[in-house]
Amino acid sequence: MFFNRRGSKKYAYITARVRGMKSKLIQREVFPKMMNMDLAEITRFIGESEYKQDVDELAQKYSGIDLVEHALNQNLARTYRKLLRISQDEPNYLITEYLRHWDIWNIKTILRGKYYGAPPEEVQEAVVAAGQLGYRQLISIAGMESIDDIKVAFENTPYHSAISDYQGGMLSTVENNLDKLYYSRLLSSVGKSKGEMLSLKFIRTEIDLKNLKTLFRTKNADLPRDEIMELLIPGGAELKDGDLRRLVSLSWQDFIKSMEDYSYWSALSEVISEDMPSLMGMEAELDKYAMKYSSEVSHYYPLSILPIFDYIIRKNNEINNLRTIARGKESALSDDIIKKHLVM
Amino acid sequence: MLEVAGTIEPSSIELLKDVAVENNRGLVAIGAGLAVGLAGIGSGIAEKDIGAAAVGAFAEREELFGKGLIMTVIPETIVIFGLVVAILLLFL
């Protein structure tokens, strides 16, 4: 009753603490105010908030946009590692699996860096050690010259099977393998009890949203049917295998129309049309939908993993918003364009 | 068949009465013990999660210490009910 294969379910402490952490996130009203600041003011603002330690630590090494970028990345990694530190047993197990997303992200970054011949220093600066792979490990892998060395470095990790066949060249297959590996591990990590069924639905919805983004991008680029099917991740909540096959074979116009059949239409109805100029609005709306959904389900089962997943998504979103504003200000983009990229 | 072997002495009856009274007292004591003990276990189970949540909350926000403490001791009232029942049993 109280124990299962992953240890006991101690959610009271971690969920209350995560709610405390969530209350310290930057409120949505603050982002429009930040639009009126220049880069130095933004740096000072985040240096006086939860990011103080990171800004102070990195201020000697970096300045300007690099300082903001690195402080945000370091804070994200530190926050996620804190979640792992303060949790135990089942919550710890599930958070570990969920945060493998960042390992996947780092492996992709490293391989992309090698593919485009980026200098190791640039790749090393782009990694975010928020998953299971430590910062030092990632830095040493990013410094490796050949793809074979990188494959050897990942030999004892779960990711080896996804990258072992890679021989250089286009990365889409290996990136796709990594995504599929991540979601199949995540789906199998969640149990089958009532509270966990909702966690399972949450992950399945996340897969749906990811597949929708892929579908929009690939259909818009008019990719061949087989290639699109390869890029989609199985296991979605609403978009089952049959739905995916049907959607892939539709023309762009019919594809847009058939979106009305799914609950995601409520989020997409205002931003998609047959002659939509860009996909930016669609992606932002789907991100907003993901946040709204995670916030809703976290209230259904307060003593479950869902409030923690909700926090992980919100923290990442806050970092993305801050980065968007800082980068936008540095590139002297207009407020309207920056605002369109914000997910609030 | 209903005949009892020999007659019972009046003193033996008194003795049996005393034993019965003592037995009852013992049962009352067990009842009082159960009232406090079970109520204590119940509130302990309730306080376990509330206490853990309260510690989690004020680990992040120290100002929640007072509220957390109050929330944690609310199930304590159940033990007081148990205690009242035990006192009623023992002294009334």
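Right above here is the structure, for reference.
A brief structural summary. (Residues numbered from 1 in each chain as written. Chains lettered and ligands numbered in written order. Predicted model: local features only at pLDDT ≥ 70, side-chain atom pairs only at ≥ 80, totals over all residues. Heavy atoms only, no water.)

### Observations regarding the packing of helix α1 (residues 12-22) of chain A against helix α5 (residues 64-86) of chain A
Packed helix pairs are specified by the crossing angle of their axes together with the interaxial distance, meaning the distance between the axes. Residue and element names in this part refer to chain A. Cut-off, in case you're wondering: For helices, the axis comes from a line fit to the C-alpha atoms of the stretch in contact; other axes are also lines fit to C-alpha atoms, and the angle between any two N-to-C directions lies between 0 and 180 degrees. In DSSP terms, a helix is any run of H or I states spanning at least four residues, a strand is any run of E spanning at least two, and both are numbered starting from the N terminus. Any angle from 65 to 115 degrees is called roughly perpendicular, while one under 35 is roughly parallel, one over 145 is roughly antiparallel, and all others are oblique. Note on convention: the crossing is left-handed when the near helix lies turned anticlockwise from the far helix by less than a right angle, right-handed when the turn is clockwise. Note on contacts: a residue pair qualifies if any of its non-hydrogen atoms lie within 4.5 Å across the two residues. Ten residues, namely Ala, Val, Leu, Ile, Met, Phe, Trp, Tyr, Cys and Pro, are considered nonpolar, four, namely Asp, Glu, Lys and Arg, are considered charged, and the remaining ones, Gly among them, are considered polar.
Between α1 and α5, the least distance of the axes is 10 Å, while the angle of their chain directions is 155 degrees. In this view, α1 runs roughly antiparallel relative to α5, as classed from their interaxial angle. Judged by the twist between their axes, the crossing of α1 over α5 is right-handed. When α1 is examined against α5, the residues Tyr13, Ile14, Arg17, Val18 and Met21 are found in contact with a partner set consisting of Thr79, Lys82, Leu83 and Ile86. Of the residues that constitute the contact of α1 with α5, the class distribution is six nonpolar, one polar and two charged.

### Observations concerning empty space enclosed by the protein
Residue and element names in this part refer to chain A. Heads up, the condition is: Throughout, the protein atoms alone are placed on a 1 Å grid, and a set of points is a cavity if a 1.4 Å probe fits but cannot get out or a pocket if it is open with protein on both sides within 12 Å along at least five of seven lines; lining residues have an atom within 4 Å of a point. Grid points are joined across faces, edges and corners, and a volume is the space filled by probe spheres set on the points.
What the rule picks out here adds up to one cavity of 30 Å³ or more. By volume, the largest cavity amounts to about 40 Å³. Taken together, the elements giving at least two residues each to the lining of the largest cavity come down to α12 (194-220) and α17 (280-300). Top contributing element to the lining of the largest cavity by residue count: α12, with four residues. Its residues assigned to classes, the lining of the largest cavity shows five nonpolar, one polar and one charged.

### Side note on the packing of aromatic side chains
Residue and element names in this part refer to chain A. The cut-off we apply is this: Here a Phe, Tyr or Trp ring, Trp counted by its six-membered ring, pairs with any other such ring whose centre lies within 6.5 Å, and the pair is stacked when the planes are under 30 degrees apart, edge-to-face when over 60, and tilted otherwise.
Evaluation of the coordinates by the stated rule reveals 13 aromatic pairs over all chains. Here Phe202 and Tyr293 contribute two aromatic rings whose centre-to-centre distance is 6.3 Å and whose plane-to-plane angle is 10 degrees, an arrangement assigned as stacked. Of this pair, Phe202 sits in helix α12 while Tyr293 sits in helix α17, and the two are 91 residues apart along the sequence. Members of the aromatic cluster, connected to one another through ring pairs, are Tyr98, Phe202, Tyr264, Tyr289, Tyr293 and Phe309.

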